[in-house]
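Each chain is listed here by its residues.
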Amino acid sequence: MELPPRVRFAPSPTGHLHLGNVRTALFNWLHARSHGGTFVLRIEDTDAERSTQESVDSVLEDLRWLGLLWDEGPEVGGGFGPYRQTERFGIYREHLDRLLAQDQAYPCFCTPEELDAQRAEAEARKVAFVYPGTCRRLSAHRREELAAEGRKPVVRLRVQPRTVTFRDLVRGPVSIHTRAFGDWILTRPDGSPTYNFAVVVDDALMGITHVVRGEDHLSNTPKQIVLYEALGLAAPQFAHRSMILGTDGSKLSKRHGD
Ligand code: GLU
């Protein structure tokens, strides 16, 4: 027998909810309610510069006003918390250490200036910039030297060249070659996790069965799938729905009002 679904709404508290966010929340809530499942609210506040408590408060207030009440999450608790990513840094660290110990991830000492120069060069050649793997095979000694220069590394996932295929519940089969993104960044120089890293750890540990979100995240999904595999965790099912566009045909954003 299939277990009842666990779905989540995972807003980044960097402003008010807009209609697109509300639609995503509604789809998830409906899925949980119609299948006797659980609707989880998770606050994705790892972007310290843009996240505010005011925005968290307004998200909770708006969801309550809409009647989209969550079964687990901030203020109500639950067995899979904490439900704010900034309170889960120890959990991300453990997973990162495991990947580093297994050599599935590695520190990259390239500076933003070096990467910008490579990006500009790629743009001039009209090709998409993908990190070329410069720090993939540094010796322990070379790593120490670079750290001694005061360089603070990011940590990258070691991604093998291959095609990632998954079945999206809305769009059907999707195939993307990993060369489209390469060795992507798990943690920033200050040790904080990127969105793609934190979201995988959280969706897995929170037992999320279905990830329902906007199609603007479709290109993130293959990155997330290779991380599930590296961590030996089962990936949820994915459903990417189309976006609501503004009257000017562009993606809905704060510009269009909430
Ligand atoms: N915090 C992300 C956002 O607001 C969540 C994306 C997702 O659902 O995985 O876009």
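What you see is a predicted model, and the numbers here were worked out from it, not measured in a lab.

Novice: Would you mind showing me how to read the site of the ligand here?
Specialist: The immediate surroundings of the ligand are formed by Arg8, Ala10, Pro11, Ser12, Glu44, Tyr195, Val199, Arg213 and His217. Notes on the ligand: free accessible area 290 Å², of which the protein chains cover 81%. Its residues assigned to classes, the shell around the ligand comprises four nonpolar, two polar and three charged.

Novice: In this structure, what is going on with helix H7 (residues 221–231)? I would like to understand it.
Specialist: Each full turn of the α-helix corresponds to 3.6 residues, which orients residues three or four apart in the same direction. The buried count for H7 comes to ten of eleven residues, which makes it a mostly enclosed element. Buried residues of H7: Thr221, Pro222, Lys223, Gln224, Ile225, Val226, Leu227, Tyr228, Ala230 and Leu231, and no others. Of the residues flanking the end of H7, it is Gly232, one or two places downstream, whose phi is positive at about 70 degrees.

Novice: Whenever I open this one, the pairing of strand S4 (residues 154–157) confuses me. Can you help?
Specialist: On a regular strand, each side chain points to the face opposite its neighbour's, so the side chains alternate between the two faces of the sheet. Burial along S4 is two-sided: Val154 and Arg156 facing one way and Val155 and Leu157 facing the other are all buried. Here S4 pairs with strand S7 (residues 185–187) via two bridges, running antiparallel. When the sheet's bridge partners are listed, Val155 is paired in S7 with Thr187.

Novice: Help me understand the side chain of Asp168 in this model?
Specialist: With respect to the element layout, Asp168 can be found in strand S5 (residues 163–168). Here His240 takes part through its side chain, which lies 2.6 Å from a polar atom of the side chain of Asp168. Discounting chain neighbours no more than four positions away, the residues touching Asp168 are Val174, Leu218, Phe238, Ala239 and His240.

Novice: I tried to follow the pattern of salt bridges on my own but got confused; where do I start?
Specialist: Side chains that carry opposite charge are capable of pairing whenever their charged atoms lie near each other. Scanning the entire structure with this criterion turns up 20 salt bridges. The closest approach of N and O atoms between Asp45 and Arg84, which form a salt bridge, is 3.1 Å. Residue Asp45 is located in the loop between strand S2 (38–41) and helix H2 (53–66), and its partner Arg84 is located in the loop between H2 and helix H3 (89–101); the two are separated by 39 residues in the primary sequence. Taking the shortest distance from any N to any O, the salt bridge between Arg158 and Asp103 comes out at 3.1 Å.

Novice: What is the right way to read the sheet that holds S4 from this model?
Specialist: Strand pairing in a sheet relies on backbone hydrogen bonds, with the paired strands running either antiparallel or parallel. Read across the open sheet, the three strands follow the order S3-S4-S7; overall the sheet is antiparallel. Two strands lie at the open edges of the sheet, namely strand S3 (105–108) and S7, each paired on one side alone. Strand-to-strand twist in this sheet, taken as the mean axis angle between neighbours without regard to direction, amounts to 40 degrees. Two strands pair when backbone bridges link them, and S3 and S4 are joined in this way by four bridges, in the antiparallel orientation. By the bridge assignment for S4, Cys108 is matched with Val154.

Novice: Before we go on, may I ask you to explain the packing of aromatic side chains in this structure?
Specialist: Centre-to-centre distance and the angle between the planes together describe a pair of aromatic rings. For the coordinates displayed, the defined rule picks out three aromatic pairs. Centroid distance Phe166 to Phe238: 6.0 Å. Interplanar angle 70 degrees. Geometry classified as edge-to-face. Note that Phe166 is positioned in strand S5 and Phe238 in strand S9 (residues 237–241), a separation of 72 residues in sequence. Take Phe166 and Phe238: they sit in the same class, and that class is buried.

Novice: Help me understand the packing of H3 against H7 in this model?
Specialist: Packed helix pairs are specified by the crossing angle of their axes together with the interaxial distance, meaning the distance between the axes. One can describe the packing of H3 onto H7 by two numbers: an axis separation of 10 Å at closest approach and a directional angle of 75 degrees. Compared by their axis directions, H3 and H7 come out roughly perpendicular. Contacts from His95, Arg98 and Leu99 of H3 reach H7 at Leu227, Ala230 and Leu231. Of the residues that constitute the contact of H3 with H7, the class distribution is four nonpolar, one polar and one charged.

Novice: Please explain the nonpolar core as it appears in this structure.
Specialist: Considering soluble globular proteins, one finds that nonpolar side chains tend to be buried as a cluster. With 31 residues, the main nonpolar core has Leu99, Leu157, Trp184, Leu186, Phe197, Val226 and Leu227 as its most contacted residues. When contributions to this core are tallied by element, the ones reaching two or more residues are H3, S4, S5, helix H6 (195–205) and H7. When residues in this core are grouped by element, the largest group, six residues, is from H7. Setting aside residues up to four positions removed in sequence, Leu99 forms contacts with Gln104, Ala105, Leu157, Leu186, Leu227, Ala230 and Leu231. Membership of the second largest hydrophobic core comes to 15 residues, among which are Val7, Phe39, Val56 and Leu68.

Definitions and cut-offs
- Residues numbered from 1 in each chain as written.
- Predicted model: local features only at pLDDT ≥ 70, side-chain atom pairs only at ≥ 80, totals over all residues.
- Heavy atoms only, no water.
- Near = heavy atom within 4 Å.
- Areas by Shrake-Rupley, 256 points an atom, 1.4 Å probe, with all protein chains shown as cover.
- Nonpolar A, V, L, I, M, F, W, Y, C, P; charged D, E, K, R; others polar.
- Buried < 20%, exposed > 50% of the residue type's maximum accessible area, 1.4 Å probe, protein only.
- Helix = DSSP H or I, 4+ residues; strand = E, 2+ residues; numbered from the N terminus.
- Pairing = 2+ DSSP bridges.
- Polar contact = N/O pair within 3.5 Å; in protein donor to acceptor, adjacent residues only side chain to side chain.
- Contact = heavy atoms within 4.5 Å.
- Salt bridge = Lys/Arg side-chain N within 4 Å of Asp/Glu carboxyl O.
- Axes fitted to C-alpha atoms, helices over the stretch in contact; angles between N-to-C directions.
- Phe/Tyr/Trp six-rings, centres within 6.5 Å; stacked < 30°, edge-to-face > 60°.
- Parallel < 35°, antiparallel > 145°, perpendicular 65-115°, else oblique.
- Core = buried A, V, L, I, M, F, W, Y, C linked by side-chain atoms within 4.5 Å.

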